[in-house]
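# Coordinates in review
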Amino acid sequence: MIDKLAIVVVTYKRQKLLKVLLESFLRLQTPPWRVVLVDNENSPETLDLVAEYEVYAEALWGPAEGDALGFDTRFAYRPQAQNLGGSGGFSAGIKAAYELGAEWFWIMDDDVAVEPEAIDRLAKWTDRFDVIQGSRLDFDGGPFYWQYQFSPQLAIYNPFATAQFDESGFKPMNTMCFEGGLISRKVVRQIGFPDYRFFIYWDDALYGYLACKAGRGAVVSDVVLRRTREVENWDIAGVRQLNSTSDTNRFYIMRNRGYMARYFQMKGDYNPYAYAAGTVLSFGKEFVRMLAVDRAHLVSGTKKLVEGWKESRAILNDPTWKPMPHPLPENGPLA
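Keep in mind that what you see is a predicted model, and the values were worked out from it rather than measured. (Residues numbered from 1 in each chain as written. Predicted model: local features only at pLDDT ≥ 70, side-chain atom pairs only at ≥ 80, totals over all residues. Heavy atoms only, no water.)

What the protein chain contains, in helices and strands, is ten helices and 14 strands. Rg of the C-alpha trace for the protein chain: 19 Å, near the compact-globule value of 20 Å for 335 residues, within the 12% margin. In terms of overall dimensions, the protein chain has a C-alpha envelope of 55 × 45 × 45 Å along the principal axes. For the protein chain, with 335 residues in total, the buried portion stands at 54%. For the protein chain, restricting intrachain contacts to residue pairs at least 6 apart in sequence, the fraction spanning at least 24 positions comes to 82%. By element, 54% of the accessible surface of the protein chain is carried by carbon and sulfur atoms, the whole surface being about 14900 Å². Computing the positive centroid from 38 side-chain charges and the negative centroid from 42, the protein chain places the two 7 Å apart. (Helix = DSSP H or I, 4+ residues; strand = E, 2+ residues; numbered from the N terminus. Rg over C-alpha atoms; globule rule 2.2 N^0.38 Å. Buried < 20%, exposed > 50% of the residue type's maximum accessible area, 1.4 Å probe, protein only. Contact = heavy atoms within 4.5 Å. Areas by Shrake-Rupley, 256 points an atom, 1.4 Å probe, with all protein chains shown as cover. Lys, Arg positive; Asp, Glu negative; His and termini not counted. Charge placed at Lys NZ, Arg CZ, Asp CG, Glu CD.)

Here you go:
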């Protein structure tokens, strides 16, 4: 068992994919304590889905234990007045679960499905690690490679991190992914909630970096999720792949490097020369991505990369910048 495990899901205009995820929750061998669902669309259709699966969950698992706010429903629906992006959605979702009294937060997007044994597989690691990333399958059923090592000096993932596990079944990591990351309350209490200003991209890399500074992190070989959304990609050597993305993502890929640099400065891990080299590498990677899988967006995508680069420099030189507030109170209301 994982004590007071809250699954935190962020969704936006993808009810068909969300239904696949909710169906997979019902097949879990061990039920979660809560499912906190942040709806960035504030859609009546999503609300109806949550109400439907609340009935199914109670029939399967029985009544839920009461939480710190006095609710005993298994699903906690949190519609947002506007689209907060992934980072804002997960910030709101983790905050909501924290206020309910969750001890562990299992974070995921709406385009995955959980394995029936997932919670049991994660539970065996919770006495050793504070931040845990389970392994995933891609939408085609093959293994999904995730870069679990991050260089704060370059502000990029380590592309050479090995995909293989040894007999221990885990590898130390210094980041995390919002697609299935598990984090303990004691770490959240120290580092606060994800920085909503990222909107999308690099938010989980930065949050995982902060989390693994505050606690012990590991990626484990146990498969806990499978991806359900097919994405065009370029397969590299049968292990790594370069996925298609949007011009909006390209802008935030470059812009949010400015936010990361400010946090690295705060933690003493910032090197201006290495960071500049990492920025050039990031730009080059995105240019290769456009040539390989997004060639139709070569002109518009390059423009967005340049715009994001300029904004990252403004953030890096902003004298008024402040990090997200932390630490958090153990109990009681949050600001």
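Looking at the secondary structure, you find Ser87 in helix 3 (residues 85-100). A relative accessible area of 0% places Ser87 in the buried class. One polar contact links the side chain of Ser87 to the main-chain carbonyl oxygen of Tyr196, over a distance of 3.4 Å. The residues contacting Ser87, other than those within four sequence positions of it, are Pro194, Asp195, Tyr196, Phe198, Phe199, Ile200 and Asp203. (Polar contact = N/O pair within 3.5 Å; in protein donor to acceptor, adjacent residues only side chain to side chain.)

In this structure, Asn42 is a non-glycine residue whose phi angle is positive, near 55 degrees. Within the secondary structure, Asn42 is located in the loop between strand 2 (34-39) and helix 2 (44-61). In the Ramachandran plot, Ala155 falls in the positive-phi region, its phi being about 60 degrees despite a non-glycine side chain. Of note, Ala155 is situated in the loop between strand 8 (150-151) and strand 9 (156-157). For Ala155, a relative accessible area of 0% gives the class buried.

The next subject is the packing of helix 7 (residues 247-255) against helix 10 (residues 298-316). Closest axis-to-axis distance for the helix 7/helix 10 pair is 7 Å, and the angle between their directions is 30 degrees. Considering the angle they form, helix 7 stands roughly parallel to helix 10. Handedness of the crossing formed by helix 7 with helix 10: right-handed. Along its contact with helix 7, which presents Asp247, Arg250, Phe251, Met254 and Arg255, the element helix 10 presents Ser300, Gly301, Lys304, Leu305, Glu307, Gly308, Trp309, Glu311, Ser312 and Ile315. A class-by-class count of the residues in the contact of helix 7 with helix 10 yields five nonpolar, four polar and six charged. (Axes fitted to C-alpha atoms, helices over the stretch in contact; angles between N-to-C directions. Parallel < 35°, antiparallel > 145°, perpendicular 65-115°, else oblique. Left-handed = near helix turned anticlockwise from the far one by under 90°. Nonpolar A, V, L, I, M, F, W, Y, C, P; charged D, E, K, R; others polar.)

Between its first and last C-alpha atoms helix 10 spans 27 Å; for 19 residues at 1.5 Å apiece the expected length is 27 Å, and the two agree. Buried positions along helix 10 lie against helix 7, helix 8 (257-267) and helix 9 (272-293). (Expected span 1.5 Å × (residues − 1).)

Within the structure shown, the criterion is met by 20 aromatic pairs. Seen from their ring centres, Tyr98 and Phe193 are 5.9 Å apart, and the 80 degrees between their planes marks the pair as edge-to-face. Taken as a pair, Tyr98 in helix 3 and Phe193 in the loop between helix 5 (185-191) and helix 6 (203-214) lie far apart in primary sequence, 95 residues in all. The same class applies to Tyr98 and to Phe193, which are both buried. Here the aromatic cluster, defined as three or more aromatic residues joined through ring pairs, consists of Phe150, Tyr157, Tyr201, Trp202, Tyr209 and Phe264. The ring of Phe144 carries Arg227 above its face, with NZ or CZ at 4.0 Å from the centroid. (Phe/Tyr/Trp six-rings, centres within 6.5 Å; stacked < 30°, edge-to-face > 60°. Lys NZ or Arg CZ within 6 Å of the ring centre and 35° of its normal.)

What follows covers the packing of helix 8 against helix 9. Where helix 8 contacts helix 9, the axes come no closer than 12 Å and their chain directions differ by 155 degrees. It follows that helix 8 is roughly antiparallel to helix 9 by the angle criterion. The way helix 8 lies across helix 9 gives a crossing that is right-handed. Listed contacts from helix 9 to Arg257, Gly258 and Ala261 of helix 8 are Tyr275, Gly278, Thr279 and Ser282. Across the contact of helix 8 with helix 9, the residue classes break down as two nonpolar, four polar and one charged.

We now examine the pattern of salt bridges. If you walk through the whole model with that rule in mind, you get 17 salt bridges. In this structure, the salt-bridge partner of Glu307 is Lys304, at a minimum N-O distance of 3.5 Å. Here Lys304 and Glu307 lie together in helix 10, a separation of three residues that amounts to about one turn. Among the residues examined, Lys304 registers a relative accessible area of 32% and is labelled partly exposed. Shared partners join several salt bridges into a network, and the residues in it are Arg14, Asp110, Asp111 and Arg229. (Salt bridge = Lys/Arg side-chain N within 4 Å of Asp/Glu carboxyl O.)

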